Amino acid sequence: MLEAQAPALPSERGQRLGNDEYLRDFRARDAAIRNGDSWKLERLQHFEEVGSPSRDALRRGDWAAALRLFEEGRDNLRGVQADEEARGSVFHRVRVVEEPLTPYVQWELHSLRISAEYGERVRILPAKLVAAAEVDELLPELTIQDGKVLFRVLYTDTGVPDGAIRFTAPDIVDSWAAYVRSTYAAAEDLASYFDRVVAPLPPPPAA
């Protein structure tokens, strides 16, 4: 059972990072993980991916190209997973979804289905299950690395990446790690959700 309220995440207790600084710090910390778990909570239903040819194809309405480009990225995913397995790093993702799916989420779930084939642990959580925790605002976009650091990932109103706020206080990291684990436990495995909900859908409109 999910908590009716999510933990507090006061911005003043974190450090604001620009997009480049956030990406450098995230990648360095990720590469240093040994025998540790990481968690990601995704809530927004639309993002503007930067530097993704498949995302560009979705914007053009070229669904066939978007899916083909996902398939062409399998070798890279295989390499990423081999590296994570060698380091004992396990990545868990909770993807909150609203139905009917937005074009972006439909597109993203095709990508995550392939990622899951190579070991990423992805589960889908209906937005209604977190409604009680979202009376004042939506849940944040966040990543927790190895139980040591939490990044609240920021986006503009149009879904463009806008850096992050980094939190390292144990009380904040621990409380959010426990909350995200509870959402993961309440969520559905991506494979069954994909077969039931996503696979039957027609191609989405350009978005």
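Residues numbered from 1 in each chain as written. Predicted model: local features only at pLDDT ≥ 70, side-chain atom pairs only at ≥ 80, totals over all residues. Heavy atoms only, no water.

Let us now look at the overall build of the chain. Tallying secondary structure elements over the chain gives seven helices and eight strands in all. The C-alpha atoms of the chain give 17 Å as radius of gyration, which agrees with the globular expectation for 207 residues (17 Å, within 12%). In terms of principal-axis extent, the alpha carbons of the chain reach across some 45 × 40 × 30 Å. By residue count, 45% of the 207 residues in the chain fall in the buried class. Sequence-distant contacts in the chain: of pairs separated by 6 or more residues, those separated by 24 or more amount to 79%. For the chain, the exposed surface amounts to about 10,500 Å²; the carbon and sulfur share of it is 51%. A distance of 2 Å separates the average location of the 26 positive side-chain charges in the chain from that of its 35 negative side-chain charges. (Helix = DSSP H or I, 4+ residues; strand = E, 2+ residues; numbered from the N terminus. Rg over C-alpha atoms; globule rule 2.2 N^0.38 Å. Buried < 20%, exposed > 50% of the residue type's maximum accessible area, 1.4 Å probe, protein only. Contact = heavy atoms within 4.5 Å. Areas by Shrake-Rupley, 256 points an atom, 1.4 Å probe, with all protein chains shown as cover. Lys, Arg positive; Asp, Glu negative; His and termini not counted. Charge placed at Lys NZ, Arg CZ, Asp CG, Glu CD.)

Time to look at the nonpolar core. If you look at the biggest cluster of nonpolar residues, it comprises 26 residues, and the most contacted ones within it are I144, L150, W176 and V180. Every element with two or more residues in this core is listed here: β2 (36–42), β3 (89–97), β5 (142–145), β6 (149–155), β7 (161–167) and α6 (170–186). Top element by residues in this core is α6. It accounts for seven residues. Here V180 is in contact with W39, L41, V94, L142 and I144, once residues within four sequence places are set aside. (Core = buried A, V, L, I, M, F, W, Y, C linked by side-chain atoms within 4.5 Å.)

Glancing now at the pairing of β6. Most of β6 sits inside the fold, with six of its seven residues counted as buried. The pairing of β5 with β6 spans four bridges and is classified as antiparallel. Each bridged residue has a counterpart across the sheet, and for I144 the counterpart in β6 is L150. Connecting β5 to the antiparallel partner β6 that follows it, the hairpin turn spans three residues, and D146 within it adopts a positive phi of roughly 55°. Two successive antiparallel strands, β6 and β7, enclose a turn made up of five residues, where G159 displays a positive phi of approximately 90°. (Pairing = 2+ DSSP bridges.)

Going through the model one piece at a time under the given rule, you end up with 22 salt bridges. Residues R43 and E134 are paired through a salt bridge, measuring 2.7 Å at the closest nitrogen-oxygen approach. Taken as a pair, R43 in the loop between β2 and α2 (53–60) and E134 in the loop between β4 (121–126) and β5 lie far apart in primary sequence, 91 residues in all. For E134, a relative accessible area of 13% translates into the label buried. Its salt-bridge partner being R74, residue E71 comes within 2.7 Å of it at the nearest N-O pair. One connected set of salt bridges, linked through shared partners, spans E42, R93, R95, E108 and E120. (Salt bridge = Lys/Arg side-chain N within 4 Å of Asp/Glu carboxyl O.)

Viewed as axis vectors pointing N to C, α2 and helix α5 (residues 103–117) meet at an angle of 145°, and their least axial separation amounts to 11 Å. Once α2 is placed against α5, the crossing between them reads as right-handed. In contact with S54, R55 and L58 of α2, α5 contributes P103, Y104 and W107. Taken together, the residues of the contact of α2 with α5 break down into four nonpolar, one polar and one charged. (Axes fitted to C-alpha atoms, helices over the stretch in contact; angles between N-to-C directions. Left-handed = near helix turned anticlockwise from the far one by under 90°. Nonpolar A, V, L, I, M, F, W, Y, C, P; charged D, E, K, R; others polar.)

Another point: the packing of aromatic side chains. Evaluation of the coordinates by the stated rule reveals nine aromatic pairs. Put simply, the rings of F47, F70, Y104, W107 and Y155 touch in pairs and so form one group of aromatic residues. Here the basic side chain of R113 rests over the ring of F194, its NZ or CZ set 5.1 Å away from the ring centre. (Phe/Tyr/Trp six-rings, centres within 6.5 Å; stacked < 30°, edge-to-face > 60°. Lys NZ or Arg CZ within 6 Å of the ring centre and 35° of its normal.)

Our next topic: the sheet that holds β2. Spatially, β1-β7-β6-β5-β2-β3-β4-β8 is the arrangement adopted by the eight strands of the open sheet, whose pairing is mixed. Each edge of the open sheet carries a strand with a single partner, namely β1 (15–17) and β8 (188–189). As defined by bridge partners, β4 adjoins β8 across two bridges and the pair is classed as antiparallel. Directly across from I124, in β8, lies its bridge partner E188. Where helix α1 (residues 19–32) meets the sheet, it contacts β1, β5, β6 and β7, and its direction lies at approximately 55° from that of β7. Across the sheet, α6 touches β2, β3, β4, β5, β6, β7 and β8, and the angle it forms with β5 is around 110°.

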